[in-house]
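As a plain string of letters, each chain reads:
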Amino acid sequence: QTSEAEVVVFSVPSYACQRRTTLENHNAVLTDALALLAENAELSEEEGRGVAFRRAAAVLKALPRPVTSMTELRGLPCLGDHSLRVIKDILENGASSEAESTKQSERYKALKVLTGIFGVGAKTADRWIREGILGLQQLQESGQTLNRAQQAGLEHYDDLNQPVTKADADVISEIVERAVVSVLPGAQMTLIGGFRRGKLSGHDVDFLITHPEEGREVGLMPKVVSWLESQGFLLYQKTTRNSERSRSGHKLWRAVRVDLVVSPISQFAFALLGWTGSKLFERELRRWAGHERNMSLSSHALYDNKQRIYLRATSEEEIFAHLGLEFIPPSERNT
Ligand code: 8DG
Ligand code: MN
Ligand code: MN
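These numbers come from a predicted model, not from an experiment.

*Asks:* Explain the site of ligand 1 to me, and be specific about the residues and the numbers.
*Replies:* In the region of ligand 1, 15 residues are neighbours, and G194, H203, D204, K279 and S299 sit closest. Between an oxygen atom of ligand 1 and a main-chain N or O atom of G194, the distance comes to 2.7 Å. H203 places a polar side-chain atom, nitrogen or oxygen, 2.7 Å from an oxygen atom of ligand 1. The protein chains hide 71% of the 630 Å² of surface that ligand 1 would expose on its own. Listed by contribution, the elements that provide at least two residues to the shell around ligand 1 are helix 11 (193-196), helix 13 (268-276) and helix 14 (279-293). Within the shell around ligand 1, the residues separate by chemical class into one nonpolar, eight polar and six charged. Taken domain by domain, the makeup of the shell around ligand 1 includes at least three residues from each of domain 3 (164-263) and domain 4 (268-332).

*Asks:* Could you give an account of the sheet that holds strand 5 (residues 258-262), naming the residues involved and the relevant values?
*Replies:* With mixed pairing, three strands are arranged side by side in an open sheet as 2-4-5. Each having just a single partner strand, strand 2 (188-192) and strand 5 make up the two edges of the open sheet. Strand-to-strand twist across the sheet, computed as the mean angle between neighbouring axes with direction ignored, equals 25°. As paired strands, strand 4 (residues 205-210) and strand 5 are joined by five bridges and run parallel to one another. In the strand pairing of strand 5, D206 is matched with D259. Its contacts with the sheet put helix 12 (residues 220-230) on strand 4 and strand 5, and the angle it makes with strand 5 is roughly 145°.

Parameters and conventions
- Residues numbered from 1 in each chain as written.
- Chains lettered and ligands numbered in written order.
- Predicted model: local features only at pLDDT ≥ 70, side-chain atom pairs only at ≥ 80, totals over all residues.
- Heavy atoms only, no water.
- Near = heavy atom within 4 Å.
- Polar contact = N/O pair within 3.5 Å; in protein donor to acceptor, adjacent residues only side chain to side chain.
- Areas by Shrake-Rupley, 256 points an atom, 1.4 Å probe, with all protein chains shown as cover.
- Helix = DSSP H or I, 4+ residues; strand = E, 2+ residues; numbered from the N terminus.
- Nonpolar A, V, L, I, M, F, W, Y, C, P; charged D, E, K, R; others polar.
- Domains from an automatic or database assignment.
- Pairing = 2+ DSSP bridges.
- Axes fitted to C-alpha atoms, helices over the stretch in contact; angles between N-to-C directions.
- Contact = heavy atoms within 4.5 Å.

This is the structure we're talking about:
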């Protein structure tokens, strides 16, 4: 008697930078739970655990269809015991009890609210929670000294926690572009971060600025910032400034976080690759470079530790080639 079985297994390379991950996620229920546990670990300053959950979620995001049974996960990389338990719970019971109880916990809720204030990180939030501060009102009543970033963050809490849409990003792009060309004609601006990866919303808007002539970009950042300030666009940079409100009480402007990066043209490709994200994709690129190629990658350069030379590149494609990786376009770096 013969027996036959056809087994379909997923095959996924182990580094996220070897995979194409679009915004289409067939396993959102699983990855949402893992992302929540990752976030909770990060907010509790357990970075290692956070990365483990993020890597597990990234593997599931790369699968071409929904996972329906644990056997389909056999042989997949980056799925540790803890992540597998979470996945099993969801497949069997429809939800992860650990993710659900974390989401409901007073500590997680307080960490979320407090770190939602621009300028407040996990350490500060943890200290406040230990002092019994669990929310914004308690914070305001506590008389805690806030630095200027945190004051601005608290004042514009709702605005800054409202997702930035692509439409918002387009408006901001025009303003920043005007600033850049006004202070340095010929300068070039590129949208980076999540919007370059094709995301439709984000927590901020990221721009990379350069000039085709090496050195012309020197001193550009303070000039751009001053221009934005003089035009009344700047709410906060390291010092708080005026906000603009319309007379009717409706807000004319909403506060939006903007990250500006200036790079000399010789480093442009590295800055572009390093600031396009996702954060996990960047981390995996650097891990690949170090562990698999004995190279050091940053958003400034790529160094070959064996040959002891810097490897030049004028495009992202060249950097992937130096690293021995297939080129992954921005829209497929949504890991
Ligand atoms: P989102 O804003 O849409 O929510 O997501 P995102 O655009 O992907 O994330 P981000 O927090 O705005 O970060 C964009 C990229 O910038 C991300 O890949 C990581 C990178 N990045 C920082 N901070 C720093 C830094 O200090 N140095 C370098 N080299 N890169 C950084 O976020
Ligand atoms: Mn961003
Ligand atoms: Mn950013």
